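Okay, here's what each chain looks like letter by letter:
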Amino acid sequence: MIYTPKYLERPVPTEPFDTGDGTKQIIRVVIEVDEYAFCDKNSKQMWANKKTGDWGKGMMSHPNDPRRVERSGLLGEMAFSKFIGQPVEFEYKESGDGGTDAIFFGKRFDIKTSLRNYGALLIKVFADNGMPVLKNKDTEVFVAAILEQDDPKQQKAVVLLIGYQEKEFVNALEVVPARKGKHYNREVPYSQLIGFHEKPVV
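These figures come from a predicted structure and were not determined experimentally.

**What about the environment of P66?**
Residue position: P66 is located in the loop between helix 1 (33-43) and helix 2 (68-84). The spacing of P66 and S43 is 23 residues in sequence and 10.0 Å in space, taken between C-alpha atoms.

**Here we look at the pattern of salt bridges**
For the coordinates displayed, the defined rule picks out nine salt bridges. A salt bridge links E148 to R28, with the nearest nitrogen and oxygen atoms 2.3 Å apart. Remark: R28 occurs in strand 3 (residues 23-31) and E148 occurs in strand 8 (residues 141-151); sequence separation between them is 120 residues. In this structure E148 comes out as partly exposed when scored by relative accessible area, which is 36%. For D40, the salt bridge goes to R67, with nearest N and O atoms at 3.7 Å. With D40 in helix 1 and R67 in the loop between helix 1 and helix 2, the pair connects residues that are 27 residues apart, well separated along the chain. Using a relative accessible area of 25% as the deciding quantity, one classes R67 as partly exposed. Linked through salt bridges whose partners overlap, the residues forming this network are E15, R28 and E148.

Parameters and conventions
- Residues numbered from 1 in each chain as written.
- Predicted model: local features only at pLDDT ≥ 70, side-chain atom pairs only at ≥ 80, totals over all residues.
- Heavy atoms only, no water.
- Helix = DSSP H or I, 4+ residues; strand = E, 2+ residues; numbered from the N terminus.
- Salt bridge = Lys/Arg side-chain N within 4 Å of Asp/Glu carboxyl O.
- Buried < 20%, exposed > 50% of the residue type's maximum accessible area, 1.4 Å probe, protein only.

Right, dumping it as structure tokens:
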């Protein structure tokens with residue numbers, strides 16, 4: 001399903017953000033009621049909801065909010081679409097999105113949305129069973145986002161777009177044990193992300 005959100009004003013305002021190793025200019029995006037409702041509706045139709053087990057639907061989910069992980073990801077995608085000035089498209093795909101959340105201007109993007117500040121963009125490389133995670137192999141640009149506020153009752157959210165990094169940089173990083181769980185990640189410290197005001201993402 002394709003949806004055109006309210007795009008951010010130009011020039012896009014930024015604000016300072018403490019990365020733990022300096023200050024970076026980031027973008028704060030408010031998700032409005034209708035935009036939130038679109039994300040919430042589509043979160044019910046995502047493939048991850050078919051997965052079983054305690055961690056099947058993602059470590060961010062909760063029994064009282066079982067679609068939290070999917071909704072959070074879609075809110076991050078919505079925020080990025082509002083910033084980049086392009087419609088967002090949510091499409092059900094068996095076995096997930098293949099690591100590509102969106103294709104803008106010919107580039108494949110994966111928007112990684114976390115619920116708190118980890119100090120780094122976390123990209124899964126090996127699953128809990130030790131098998132390689134292949135879904136990110138075609139991603140060209142990884143975007144770091146934090147879901148600062150999420151209010152399902154009021155249908156509003158605030159997403160912080162921290163920055164991005166390109167595939168070549170990410171692939172050169174060391175693989176490290178996950179901070180939670182048994183999988184393995186590559187971690188890009190927020191201070192090593194490219195700011196959206198530093199270099200155009202497209």
